[in-house]
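Now for the letters of each chain:
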Amino acid sequence: MYNVGFRIVNNADEAKDVLQEAFISAFNNLETYRGDSAFGAWLKRIVVNKAINLVRRRRFERLPDHENFDVKEESPVDELEGYPFEVEKVRKAIERLPDGYRVVLSLYLLEGYDHSEIGEILGIAESTSKSQFNRSKKKLKEILEGGML
Amino acid sequence: MNDSLKEFINKNREGFDTQTPPESAWHQVDASLPRATKQIFLNSISFWRAAAILLLGLSSYLFFSKANSNSDKRDVAALQGFNDLESYYSLQIKEKMTLVNRFQSQTGLTEDDITQNLKKLEAMYLVLKDEMKKRPTQDVRDALVLNLLVRIDLINQQLNKLDQPSQKEEEKSL
């Protein structure tokens, strides 16, 4: 759960705050867990929501929303095909992504949410999530190929 | 369309969970939870195992304890609405257990760890219910709710487990 929060807020101290808030909130709201999904998924969603709220509060960079992002879906070309990935480098490159890109990419690739669920979590359209994900991969490619890692 | 990044991450998923929370992360959580149940959160890896242990401990404590039987007004107020909650969760358990039993009879699977744990939790629940009648407090109520939630989670696990062979068969047939 700490890793889930960390990937969204990208800061160890804030990830700790998220974890604490989420666990306390989960305990205090145990009665709202209806048992229609796995308990882990319920708890993870609380962590994700707390982390996203924290990023939103920062206001340094905005998460994708309808006003700021073109919702047109971009062609999902696999620009990273054949790229010699290394776990450490990919992990560091993800940490270097701007908030909006990192959040969508992490939720989709690492936390296992689909674009419909990401849209619901972030309050954006499913197509915006897809578009933002494609852009985040382009940005990730730039970082990986930039030789800064 | 293949996604090579997605494939790479899926193959190396564990390599992306490298961060560990500092020890101090638990202090505030620990301080914010009711004394009887805060141990649940100290070990996130074995959350439900810890919950089951806690329930066992709490059940034993309540069973043998000569604790004060006078519940205060706050406890009484907190207990209101419990019956609705219990009915809701109990219905879910009943419906899901019907599915589990149907699956098991169809597949010929016999009792395993999960079903044994479910029986133990059900036994603990009866002890807690008895305690609830004698000394209805917030702690007993929380333990009862937690017991129901743990059982629902175990049943969900069991259903997923039982459903796996049929999923594999479907994949094979595609």
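What you see is a predicted model; the values in this text were computed from it and never measured.

Enquirer: Is there a simple way to think about the overall build of chain A in this case?
Expert: Along the backbone of chain A there are 7 helices and 0 strands. When the helices and strands of chain A are placed in sequence order, the string is α-α-α-α-α-α-α. Going through the 149 residues of chain A one by one, you find that 53% of them count as buried. Sequence-distant contacts in chain A: of pairs separated by 6 or more residues, those separated by 24 or more amount to 71%. Carbon together with sulfur atoms contributes 45% to the accessible area of chain A, which is approximately 6900 Å² in total.

Enquirer: Quick question: what am I supposed to make of the environment of Ala41 of chain A here?
Expert: Residues and elements named next belong to chain A. Looking at the element boundaries, Ala41 is found in helix α3 (residues 39–58). Residue Ala41 is classed as partly exposed on the basis of its relative accessible area of 41%. In the structure, Ala41 is positioned 70 residues away from Glu111 in sequence and 9.9 Å away in space, judged by C-alpha atoms.

Enquirer: Help me out: how do you make sense of the interface of chain B and chain A in this one?
Expert: Interfaces are often sized by the amount of accessible area the parts lose when they come together. Taken residue by residue, the interface counts 43 residues in chain B and 38 residues in chain A. Where chain B abuts chain A, roughly 3700 Å² becomes buried across the two surfaces, and 66% of that area is made up of carbon and sulfur atoms. When the buried surface of chain B facing chain A is broken down by residue, Leu5, Phe16 and Gln19 of chain B rank first, second and third, together holding 18% of it. The interface formed by chain B and chain A includes 2 salt bridges. Counting the contacts that link chain B with chain A gives 10 residue pairs in polar contact (both at pLDDT 80 or more). Listed by contribution, the elements that provide at least two residues to the side of chain B that touches chain A are α1 (4–11), α2 (25–32), α3 (47–64), α5 (82–107) and α7 (138–173) of chain B.

Enquirer: Explain the nonpolar core here, please?
Expert: Note that soluble globular proteins tend to have their nonpolar side chains buried in a common cluster. Ranked by internal contacts, the top residues of the largest apolar core, which has 81 residues, are Ile8, Val48, Ile52, Ile94 and Leu107 of chain A together with Leu5 and Ile9 of chain B. Here this core gets 13 residues from one element, more than from any other, and that element is α7 of chain B. Apart from the residues lying within four places of it in its own chain, the contact partners of Val48 of chain A are Val4, Ile8, Leu107, Tyr113 and Ile121 of chain A.

Enquirer: Hey, could you run me through the packing of helix α1 (residues 2–9) of chain A against α3 of chain A in this one?
Expert: The packing of two helices is summarised by the inter-axis angle and the distance between the axes. All names here are of chain A. Two elements in contact, α1 and α3, have axes separated by 9 Å at closest approach and are oriented at 25°. As far as their axial angle goes, α3 and α1 are roughly parallel. Between α1 and α3 lies a crossing whose hand is right-handed. Only Lys44, Val47, Val48, Ala51, Ile52, Leu54, Val55 and Arg58 of α3 make contact with α1, whose side of the interface consists of Val4, Gly5, Ile8 and Val9. Taken together, the residues of the contact of α1 with α3 sort by class into 9 nonpolar, 1 polar and 2 charged.

Enquirer: I keep staring at the confidence of the model for chain B and nothing clicks. Help me out?
Expert: Residues shown with low pLDDT carry predicted positions that ought not to be read at fine detail. All names here are of chain B. Counting all residues, the mean pLDDT for chain B is 72, and 63% of those residues have values of 70 or more. For chain B, helix α4 (residues 73–79) is the element with the lowest average pLDDT, namely 50, and α1 is the one with the highest, namely 91. Every residue in residues 36–46 is under pLDDT 50, and counting partners more than four places away or in other chains gives 19 contacts. Counted against residues more than four places away or in other chains, residues 65–74, with its pLDDT under 50, gives 8 contacts. Confidence metrics for the complex model read pTM 0.54 and ipTM 0.79.

Reading the values: the criteria
Residues numbered from 1 in each chain as written. Chains lettered and ligands numbered in written order. Predicted model: local features only at pLDDT ≥ 70, side-chain atom pairs only at ≥ 80, totals over all residues. Heavy atoms only, no water. Helix = DSSP H or I, 4+ residues; strand = E, 2+ residues; numbered from the N terminus. Buried < 20%, exposed > 50% of the residue type's maximum accessible area, 1.4 Å probe, protein only. Contact = heavy atoms within 4.5 Å. Areas by Shrake-Rupley, 256 points an atom, 1.4 Å probe, with all protein chains shown as cover. Buried area = accessible area lost by both parts, 1.4 Å probe. Salt bridge = Lys/Arg side-chain N within 4 Å of Asp/Glu carboxyl O. Polar contact = N/O pair within 3.5 Å; in protein donor to acceptor, adjacent residues only side chain to side chain. Core = buried A, V, L, I, M, F, W, Y, C linked by side-chain atoms within 4.5 Å. Axes fitted to C-alpha atoms, helices over the stretch in contact; angles between N-to-C directions. Parallel < 35°, antiparallel > 145°, perpendicular 65-115°, else oblique. Left-handed = near helix turned anticlockwise from the far one by under 90°. Nonpolar A, V, L, I, M, F, W, Y, C, P; charged D, E, K, R; others polar. pLDDT = per-residue confidence, 0-100.

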